[in-house]
Amino acid sequence: MRRWKFIHITLFVMLAFSVQAQDIEFSQFYANRLYLNPALAGSEFAPTASLSYRNQWPQNDRPFITYTASFDQYVDIINGGLGILVIQDNQGKGAIKTTMASGIYSYSLNINRDLSVNIGLKATYVQRKLDWQSLIFSDMIDPLYGVIYPGREMQPEDLSQSYVDFSMGIVASYKNFYFGGVIDHLSEPDEAFNSNNTSAILPRKYTLHAGASIPVGYSRGLMESDYTISPNILYQKQQDFEQINYGLYFSRNNWLLGGWFRHNLSFDFDAVIVLMGYQIDRLRVGYSYDYVISNLVKTNSGAHEISLTYILGKSKTSCSGSHYFKKRRRIRAIKCPKF
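Predicted model, so just to flag it, every value in this text is computed and none were measured.

Cut-offs and rules
Residues numbered from 1 in each chain as written. Predicted model: local features only at pLDDT ≥ 70, side-chain atom pairs only at ≥ 80, totals over all residues. Heavy atoms only, no water. Helix = DSSP H or I, 4+ residues; strand = E, 2+ residues; numbered from the N terminus. Buried < 20%, exposed > 50% of the residue type's maximum accessible area, 1.4 Å probe, protein only. Contact = heavy atoms within 4.5 Å. Areas by Shrake-Rupley, 256 points an atom, 1.4 Å probe, with all protein chains shown as cover. Phe/Tyr/Trp six-rings, centres within 6.5 Å; stacked < 30°, edge-to-face > 60°. Pairing = 2+ DSSP bridges. Salt bridge = Lys/Arg side-chain N within 4 Å of Asp/Glu carboxyl O. Core = buried A, V, L, I, M, F, W, Y, C linked by side-chain atoms within 4.5 Å. Polar contact = N/O pair within 3.5 Å; in protein donor to acceptor, adjacent residues only side chain to side chain.

Engineer: How should the overall build of the protein be read in this particular structure?
Structural biologist: Summing up its helical and strand segments, the protein has two helices and 21 strands in all. Expressed as a percentage of its 339 residues, the buried residues of the protein come to 46%. A separation of at least 24 residues holds for 56% of the contacts in the protein among residues at least 6 apart in sequence. If you sum the accessible surface of the protein, you get close to 17600 Å²; carbon and sulfur atoms cover 60% of it.

Next up, the structure:
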């Protein structure tokens, strides 16, 4: 057990001092749509508040725990959406604690009856804190008695570091299809705590996502089927790291079920993800579990993720999915999933 704790803490140290870093990821990425793509701000049209919680490797002594809170709405006078997003990520019971606060703007362009495009920008203030006393290094460990020696590793001069980060994204919707792209960390900020001796550049992250919403069964006039299948794919690349998620949602009335695979481009499978969601009136609740099938299955217990979304108001909507605002202007809704 002590050996695994040491390896786990060593990973935290690598994140703090190495030249590479990787981002937080969510299994319910559409429930965290402001984090996924800033162009999705205001896509609900009504004011929307969301919360989420992710606990990765909960049976580990030092799990990764992430909280998010967001609010966004469409604003007619600026022809787009505004949003705020706050994230707190705790690695190893606060060994590394990251807090992010983002402001988001998206511009909506209705090209024709079937095609709409949103373009979004996000500015984020990031603060990272390091709890040096919780870190364990190899020279502190005795093979028989555990952690009994004082460490000789030099403590950084500054245990808190902050910077400003920027992202941009685009989302297009054509009939029942949607697709988008994002570039995060445009300025590639330096995350190193000890900037005098080393650097920890956060490389740009490129994201592509696409999917469709396909009614299954009958369609009579303005009445549509209660059944919908939504296949989706998500691809992300950050320096040498590449990952792909694919699967589908199946929904009927208020219920939604989903299943996903996650792996790299060499088909080294990481996890199978199962999702269940429920929506009633203006409230949506989702739960997902990552079942690990990689070599890490012996050292962790997957990940639990819960999302909660509440729609605070209503917008005028036609049966075709278009939303009407002042001066009879119509903006077509993007039919992305909600979980």
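Engineer: Just to check I follow, could you spell out the packing of aromatic side chains for this structure?
Structural biologist: We describe a pair of aromatic rings using the distance from one ring centre to the other and the angle between the two ring planes. Inspection of the entire model under this criterion finds 13 aromatic pairs. Through a chain of ring-to-ring contacts, the aromatic side chains of Phe 29, Tyr 30, Tyr 178, Tyr 249 and Trp 260 assemble into a single cluster.

Engineer: In this structure, what is going on with the pairing of strand β10 (residues 205–212)? I would like to understand it.
Structural biologist: The two faces of the sheet receive side chains in turn, since in a regular strand these alternate between them. Relative to β10, strand β9 (residues 177–184) is paired through eight bridges, and the arrangement is antiparallel. What sits directly across from Gly 180, in β10, is His 209. Sheet analysis places β10 next to strand β14 (residues 227–238), joined by seven bridges and oriented antiparallel. When the sheet's bridge partners are listed, Ala 210 is paired in β14 with Ile 233.

Engineer: Quick question: what am I supposed to make of unusual backbone geometry here?
Structural biologist: For residues that are not glycine, phi is negative in most cases, and the peptide bond is trans in most cases. Phi is positive for Asn 79, which is not a glycine, with a value near 55°. Note that Asn 79 resides in the loop between β2 (64–75) and β3 (80–91). Phi angles above zero are rare outside glycine, and Asp 281 is one such case at about 55°. Within the secondary structure layout, Asp 281 lies in the loop between β17 (269–280) and β18 (283–292).

Engineer: Mind showing me how you'd approach the environment of Met 140 here?
Structural biologist: Its place among the elements puts Met 140 in the loop between β5 (115–130) and β6 (141–142). Judged by its relative accessible area of 14%, Met 140 is buried. The spacing of Met 140 and Pro 150 is 10 residues in sequence and 5.6 Å in space, taken between C-alpha atoms. Non-local contacts of Met 140, meaning those with residues more than four positions away in its chain, are made with Leu 135, Gly 146, Val 147, Ile 148, Tyr 149, Pro 150 and Gly 151.

Engineer: Mind showing me how you'd approach the pattern of salt bridges here?
Structural biologist: A side chain of one charge can pair with a side chain of the opposite charge if their charged atoms are brought near each other. Inspection of the entire model under this criterion finds 10 salt bridges. In this structure, the salt-bridge partner of Lys 205 is Asp 23, at a minimum N-O distance of 3.3 Å. In this pair, Lys 205 is assigned in strand β10 and Asp 23 in the loop between α1 (2–17) and α2 (33–36), connecting sequence segments 182 residues apart. Between Asp 290 and Arg 54 there is a salt bridge, with its nearest N and O atoms 3.0 Å apart. In this pair, Asp 290 sits in strand β18 while Arg 54 sits in strand β1 (residues 48–56), placing the two residues 236 residues apart along the sequence. Each member of the pair Asp 290 and Arg 54 is classed as buried.

Engineer: Quick question: what am I supposed to make of the side chain of Asn 32 here?
Structural biologist: The topology assignment puts Asn 32 in the loop between α1 and α2. Contact partners of Asn 32, with chain neighbours within four places excluded, come to Phe 26, Ser 52, Thr 68 and Glu 305.

Engineer: I would appreciate a short explanation of the environment of Thr 228 in the present structure.
Structural biologist: Summarising the element assignment, Thr 228 is placed in strand β14. What makes Thr 228 buried here is its relative accessible area of 18%. The spatial distance from the C-alpha of Thr 228 to the C-alpha of Pro 215 is 4.4 Å, given a sequence separation of 13 residues. For Thr 228, the contacting residues outside a window of four places in its chain are Ser 213, Ile 214, Pro 215, Tyr 249, Phe 250 and Ser 251.

Engineer: Can you help me understand the pairing of β18 in this one?
Structural biologist: Here β18 shows one buried face, formed by Arg 284, Gly 286, Ser 288, Asp 290 and Val 292, and one open face, formed by Leu 283, Val 285, Tyr 287, Tyr 289 and Tyr 291. Pairing between β17 and β18: 10 bridges, direction antiparallel. By the bridge assignment, Ile 280 is partnered in β18 with Leu 283. Between β17 and β18, which follow one another and run antiparallel, lie two residues, and Asp 281 among them has a positive phi close to 55°. As defined by bridge partners, β18 adjoins strand β19 (residues 303–311) across eight bridges and the pair is classed as antiparallel. Bridged to Val 285 within β19 is Leu 308.

Engineer: Can you walk me through the nonpolar core in this structure?
Structural biologist: Proteins that are soluble and globular tend to have nonpolar side chains buried together. Counting residues in hydrophobic clusters, the biggest one holds 15 residues, and the most contacted among them are Phe 29, Tyr 30, Leu 36 and Tyr 249. Contributions of two or more residues to this core are made by β16 (255–263) and β17. Discounting residues that sit within four places of it in the chain, Phe 29 has contacts with Leu 36, Leu 234, Asn 245 and Trp 260. Counting residues in each nonpolar core, the second largest holds 12 residues, with Ile 24, Phe 26, Leu 85 and Ile 87 among its members.

Engineer: What's the story with the side chain of Arg 54 in this structure? I'm lost.
Structural biologist: We classify Arg 54 as buried; its relative accessible area is 3%. A polar atom in the side chain of Arg 54 sits 3.4 Å from the backbone oxygen of Glu 25. Setting aside chain neighbours within four positions, we find Arg 54 in contact with Glu 25, Phe 26, Ser 27, Phe 64, Ile 65, Thr 66, Asp 290, Ala 303, His 304 and Glu 305.

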